[in-house]
Amino acid sequence: MSRPLNTAAALHAMDRGRSVVVGTSSRKLIVILCLALVIGGVLVGLSVLIVSGSVERNVSWVLFAFNPRMWAFAIGIVGCLVVAPIAVGYRLRRADALVVSNAGLVESHRGAVLPASFVSWNEIERITLDTVTPRPGPKYVIYYLTRDSVQRRGRTGLFARRITLRNGFEFSHRQLFELLTAAHARYARQIR
């Protein structure tokens, strides 16, 4: 398995029979963690200033207990200094990756390929770069399964054909979209 930096190199590797691993971007996760820690530190500093200023003016503790701003500060502090580090550590430990080959795509966790997640190129009808909701928002890579593939997999529901790739990969959404559409165009006709 290799980690090429662009679509042409990835297609060249897949033409030679190798698979391309698009792993989780640890750099993005570390940036998120640093931002959360900085914001959490600022919230702690502001809450200390508010509490110390209020203690000097002999404000009752009851006002703190029922003040929505102090609850917002507390929730923000817990989110930034407790939840964010745990979530980032969990994502780093999982080491999610998308393995792209000339046969199709498959997800992997900690280097182990998940067999139930394999999708052959001929099972994909189309690949789009679109928002998940009708409202404006971030764009995600979405691929649509063929009707036969949906029936074979036993998927049901309104969005059974649509599979959305989550964010946080080493490739940006645009790079991932370019790679998957180029690979789909090249290899879907070759697979019977």
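Note that the structure is a prediction, hence the values are computed from the model and not measured.

Enquirer: How would you summarise the packing of aromatic side chains if you had to cite specific residues and measurements?
Expert: Summed over the entire model, instances satisfying the criterion amount to zero aromatic pairs. If you follow arginine 126 out to its NZ or CZ, it ends over the ring of tyrosine 144, 4.0 Å from the centre.

Enquirer: Outline the environment of alanine 185, listing residues and values.
Expert: Note that alanine 185 resides in helix α6 (residues 173-187). Exposure remark for alanine 185: the relative accessible area of 42% places this residue in the partly exposed category. Taking the C-alpha atoms as reference points, alanine 185 and arginine 126, separated by 59 residues in sequence, lie 9.5 Å from one another.

Enquirer: I'd like a rundown of α6, residues and numbers included.
Expert: For an α-helix, 3.6 residues make a turn, and residues three or four places apart therefore share a direction. Compared with the 21 Å implied by 1.5 Å per residue over 15 residues, the 21 Å span of α6 between its first and last C-alpha is a close match. Buried within α6 are the following residues: Leu176, Leu179, Leu180, Ala183, His184 and Tyr187. Buried residues in α6, looked at end-on, bunch into an arc of 125°, giving them a common side.

Enquirer: I'd like to hear about the state of the cysteines, residue by residue, with values.
Expert: Put plainly, two cysteines are in a disulfide when a covalent bond ties their sulfur atoms together. Across all of its chains, the model carries zero disulfides by this definition. Cysteine 34 takes part in no disulfide bond, and the closest cysteine sulfur, belonging to cysteine 80, lies 13 Å away. Since its relative accessible area comes to 42%, cysteine 34 is described here as partly exposed. The exposure class of cysteine 80 is buried, given its relative accessible area of 14%.

Enquirer: Break down a nonpolar patch on the surface for me, citing the residues and quoting the values.
Expert: Residues Leu37, Val44, Val48, Val78, Leu81, Val82, Val83 and Ile86 make up a contiguous nonpolar surface patch of roughly 640 Å² in combined accessible area. Those elements giving two or more residues to the nonpolar patch turn out to be α2 (26-56) and α4 (68-94). The element best represented in the nonpolar patch is α4, accounting for five residues. Structurally, the position occupied by valine 78 is in helix α4. Accessibility expressed as a relative area gives 45% for valine 78, which makes it partly exposed.

Scoring rules and cut-offs
Residues numbered from 1 in each chain as written. Predicted model: local features only at pLDDT ≥ 70, side-chain atom pairs only at ≥ 80, totals over all residues. Heavy atoms only, no water. Phe/Tyr/Trp six-rings, centres within 6.5 Å; stacked < 30°, edge-to-face > 60°. Lys NZ or Arg CZ within 6 Å of the ring centre and 35° of its normal. Helix = DSSP H or I, 4+ residues; strand = E, 2+ residues; numbered from the N terminus. Buried < 20%, exposed > 50% of the residue type's maximum accessible area, 1.4 Å probe, protein only. Expected span 1.5 Å × (residues − 1). Arc of directions from axis to C-beta. Disulfide = S-S within 2.5 Å. Patch = residues over 30% accessible without salt bridge, like charges linked within 9 Å, V, L, I, M, F, W, Y side chains within 5 Å. Areas by Shrake-Rupley, 256 points an atom, 1.4 Å probe, with all protein chains shown as cover. Salt bridge = Lys/Arg side-chain N within 4 Å of Asp/Glu carboxyl O.

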